[in-house]
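# A structural walkthrough
Listed below are the residues making up each chain.
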Amino acid sequence: MSQLAALTTNLRRSGIGRWYFGREQSEQKIIAVLGGITLILLLWAFAWKPVADWRAVEQNRHNNAQQLLDWLQANRAAATQAAAGNNNQRGRGPLIPIINRAAKAHNLRVNRLQPESNGVVSVILQAQSFNEIVSWINQLEENNGVLVERANFDDQDAPGYVNAQIRLN
């Protein structure tokens, strides 16, 4: 009890203590209630609210991750089947001979053929018939499963002829 008495004595001697204990008893009660409310609001604003917000964010992240996991598990068979389909498509053999054979069949002269590390092949055609190039690309896609990633065409002086830069995969 001596520590509590010492604390009370020190509080009464301080400036705020003299001000508080100099008030009437009804004012002291009002000040004490307002101080308690202020203390509760500060605890809520600086402790409870941030923890509650953090918990809500983490719960949302958990729910999103769980939904993604559920979706992945539900679609595992479809993804496996699609991957098997892509592997079969990739089993078409080397891409460069396919491109050369199809170009020869369409009377196209390939000026440059450059394989890249990711399986993509860059093809450059100069002064070739636009219609033949489109037909060649169509045959590559339909018959061989070759996809066009990017194609750039520049016109020539001769009508219907273009320079083309095409990335095939």
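Above this text you will find the structure in question.
The model shown is predicted, which means the values in this text are computed figures rather than measured ones. (Residues numbered from 1 in each chain as written. Predicted model: local features only at pLDDT ≥ 70, side-chain atom pairs only at ≥ 80, totals over all residues. Heavy atoms only, no water.)

### What about the packing of aromatic side chains?
Going through the model one piece at a time under the given rule, you end up with two aromatic pairs. The interplanar angle of 80° and the centroid separation of 5.1 Å between the aromatic rings of Tyr 20 and Phe 21 together place this pair among those described as edge-to-face. For Tyr 20, a relative accessible area of 22% corresponds to the partly exposed category. Accessibility expressed as a relative area gives 29% for Phe 21, which makes it partly exposed. Relative to Phe 153, the ring of Phe 130 lies with its centre 5.4 Å away and its plane at 75°, an arrangement referred to as edge-to-face. Taken together, the positions of Phe 130 in helix H6 (residues 130–144) and Phe 153 in strand E3 (residues 148–155) put the pair 23 residues apart, joining distant regions of the chain. Note that Arg 12 overlies the ring of Phe 21, its terminal NZ or CZ placed 4.0 Å from the centroid. (Phe/Tyr/Trp six-rings, centres within 6.5 Å; stacked < 30°, edge-to-face > 60°. Buried < 20%, exposed > 50% of the residue type's maximum accessible area, 1.4 Å probe, protein only. Helix = DSSP H or I, 4+ residues; strand = E, 2+ residues; numbered from the N terminus. Lys NZ or Arg CZ within 6 Å of the ring centre and 35° of its normal.)

### So, the side chain of Gln 128
Take Gln 128: it is sitting in strand E2 (residues 121–129). Judged by its relative accessible area of 6%, Gln 128 is buried. Of the polar contacts made by the side chain of Gln 128, one reaches the backbone nitrogen of Arg 109; its length is 3.2 Å. Within the structure, the side chain of Gln 128 is placed 3.0 Å from the backbone oxygen of Gln 126, a separation counted as a polar contact. Once residues lying within four places of it in the same chain are set aside, the contact partners of Gln 128 are Asn 107, Leu 108, Arg 109, Ile 133, Gly 160, Tyr 161 and Val 162. (Polar contact = N/O pair within 3.5 Å; in protein donor to acceptor, adjacent residues only side chain to side chain. Contact = heavy atoms within 4.5 Å.)

### What about the pattern of salt bridges?
Counting across every chain of the model gives four salt bridges. A salt bridge links Arg 167 to Glu 116, with the nearest nitrogen and oxygen atoms 3.1 Å apart. Taken as a pair, Arg 167 in strand E4 (residues 161–168) and Glu 116 in the loop between strand E1 (110–115) and E2 lie far apart in primary sequence, 51 residues in all. With relative accessibility at 27%, the residue Glu 116 sits in the partly exposed group. Between Glu 149 and Arg 167 there is a salt bridge; the shortest N-O distance is 3.4 Å. Taken together, the residues span a long stretch of sequence, with Glu 149 in strand E3 and Arg 167 in strand E4 at a distance of 18 residues. Judged by its relative accessible area of 45%, Glu 149 falls in the partly exposed class. One connected set of salt bridges, linked through shared partners, spans Glu 116, Glu 149 and Arg 167. (Salt bridge = Lys/Arg side-chain N within 4 Å of Asp/Glu carboxyl O.)

### Re the environment of Asn 60
By the secondary structure assignment, Asn 60 is in helix H3 (residues 25–74). C-alpha separation for the pair Asn 60 and Ile 98, spaced 38 residues apart in sequence, amounts to 50 Å.

### Concerning the sheet that holds E3
With respect to topology, four strands assemble into an open sheet ordered E1-E2-E4-E3, the strand pairing being antiparallel. If you trace the sheet from one side to the other, it starts and ends with E1 and E3, each paired once. In this sheet, neighbouring strand axes are inclined to one another by 15° on average, regardless of whether the strands run parallel or antiparallel. Relative to the sheet, helix H5 (residues 95–105) contacts E1, E2 and E4, its axis offset from that of E1 by approximately 165°. (Pairing = 2+ DSSP bridges. Axes fitted to C-alpha atoms, helices over the stretch in contact; angles between N-to-C directions.)

### Quick word on the side chain of Arg 167
Arg 167 gets classed as buried once you look at its relative accessible area, which sits at 16%. Apart from the residues lying within four places of it in its own chain, the contact partners of Arg 167 are Glu 116, Asn 118, Val 120, Val 121, Ser 122, Leu 147, Val 148, Glu 149 and Arg 150.

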